[in-house]
Amino acid sequence: MNLDLNNKVFIVTGGAKGIGAAISKTLAAEGAIVMIAGRGKADNARVVDEIVKSKGRASDQTVELVNADACKELVQFTMEKYGRIDGLINNAGVNDSIDLEHGSPEKFVQSLQKNLLHYYNLAHFALPYLKKSKGVIINIGSKVAETGQGHTSGYAAAKGGVNALTREWAAELLPYSIRVNAVIPAEVWTPLYENWINSLPDPKTKLEQIVSKIPFEKRFTTSEEIADMVVFLASGRSSHTTGQIIYVDGGYTHLDRSLS
Ligand code: NAP
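Owing to the predicted nature of the structure, the values given are computational and were not obtained by experimental measurement. (Residues numbered from 1 in each chain as written. Predicted model: local features only at pLDDT ≥ 70, side-chain atom pairs only at ≥ 80, totals over all residues. Heavy atoms only, no water.)

**Details of the pairing of strand β4 (residues 87-90)**
Along β4, one buried face is formed by G87 and I89 and the opposite face, lined by L88 and N90, is buried too. Bridge analysis of β4 against strand β5 (residues 136-140) gives four bridges, and the strand direction is parallel. Counted as the bridge partner of N90 is N139 from β5. Following the chain from β4 across helix α4 (residues 105-133) to the adjacent parallel β5, one finds a crossover that is right-handed. (Buried < 20%, exposed > 50% of the residue type's maximum accessible area, 1.4 Å probe, protein only. Helix = DSSP H or I, 4+ residues; strand = E, 2+ residues; numbered from the N terminus. Pairing = 2+ DSSP bridges. Right-handed = clockwise from strand over helix to strand, strands pointing away.)

**Looking at the layout of surface pockets**
The rolling of a water-molecule-sized probe over the atoms marks out the regions of remaining empty space. Put simply, the second largest pocket is a space of about 230 Å³. Taken together, 17 residues line the second largest pocket, and the ones lying closest to its centre are K8, K134, V136, A234 and G236. In terms of residue class, the lining of the second largest pocket is made up of five nonpolar, six polar and six charged. (1 Å grid on protein atoms, 1.4 Å probe; cavity = no way out; pocket = protein on both sides within 12 Å on 5 of 7 lines; lining within 4 Å. Points joined across faces, edges and corners; volume = space filled by probe spheres on them. Nonpolar A, V, L, I, M, F, W, Y, C, P; charged D, E, K, R; others polar.)

**Side note on the sheet that holds strand β1 (residues 9-13)**
Across the sheet, seven strands lie side by side as β3-β2-β1-β4-β5-β6-β7; this open sheet has parallel pairing. Strands with a single pairing partner mark the edges of an open sheet, and in this sheet they are β3 (57-62) and β7 (245-247). Geometrically, the sheet is characterised by an average inter-axis angle of 20° between neighbouring strands, direction not taken into account. Contacting β1, β2 (33-38), β3, β4 and β5, helix α1 (residues 18-29) runs over the sheet at an angle of about 170° to β1. Against the sheet, α4 touches β1, β4 and β5, its axis set at about 175° to β4. (Axes fitted to C-alpha atoms, helices over the stretch in contact; angles between N-to-C directions. Contact = heavy atoms within 4.5 Å.)

In structure tokens:
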């Protein structure tokens with residue numbers, strides 16, 4: 001399948017680790033130009049280097065996305081460098097365990113800043129250029145928005161917001177032929193996931209429990225499997241798909257519990 005992504009420019013937030021790194025590399029392998037936006041300078045440089053060595057095109061911007069001005073600068077930098085933006089992949093986030101009982105109003109707002117506000121800010125600042133390119137927005141959400149997890153109010157609220165904004169933006173941007181979709185992971189082995197599982201009292205047992213409940217093949221989803229869906233949605237081969245919330249999770253979120 002020719003995805004026709006040659007020379008198209010995509011911003012990938014958190015594009016140097018985990019799911020974001022897989023998205024960056026898969027887009028570049030399809031001929032797209034990737035702007036990796038993350039706060040780890042060395043992490044960003046490593047992935048850019050890897051892409052360039054594989055004859056792909058990428059550059060990076062070291063950015064703390066919680067800062068709205070930095071989001072604006074990222075869009076400006078991308079425009080100055082490449083002159084167009086064909087897609088925004090909102091991916092960066094962190095499951096920061098800000099809960100109801102032990103959290104605080106301040107921590108809750110900070111969690112929304114880390115997980116939701118930069119999705120809006122980047123979409124807002126990139127919109128004039130996405131209108132010109134009839135581009136795409138793809139938001140990475142989480143199963144937590146639908147299932148809950150316990151002890152993560154801020155992250156859950158943010159991911160619920162991501163799903164709502166996906167539908168809302170798909171509706172608002174119909175006149176511009178900008179498609180907006182969300183891809184929802186459940187259990188993907190990444191640095192974020194590893195940190196989370198290691199924060200639990202008995203990580204090994206917890207891990208075995210989780211894996212045994214993933215219906216399809218009793219295994220984690222790979223970052224590359226998430227990336228393949230994102231890249232398809234980024235391409236014109238999904239040209240009539242918008243406002244969709246697509247679960248790439250081995251059936252974890254929705255299949256009958258007797259199957260797990
Ligand atoms: P990850 O391994 O932690 O990678 C995320 C990358 O984004 C890291 O490089 C991180 O930098 C960067 N980042 C995070 N917040 C940032 C900020 N405010 N400013 C700049 N850079 C930032 O995470 P992942 O597991 O790939 O998760 C990617 C997305 O998938 C997230 O939205 C997450 O909620 C979602 N998700 C993942 C899973 C899963 O099973 N892994 C499940 C459901 C949803 P640092 O390394 O410096 O933190």
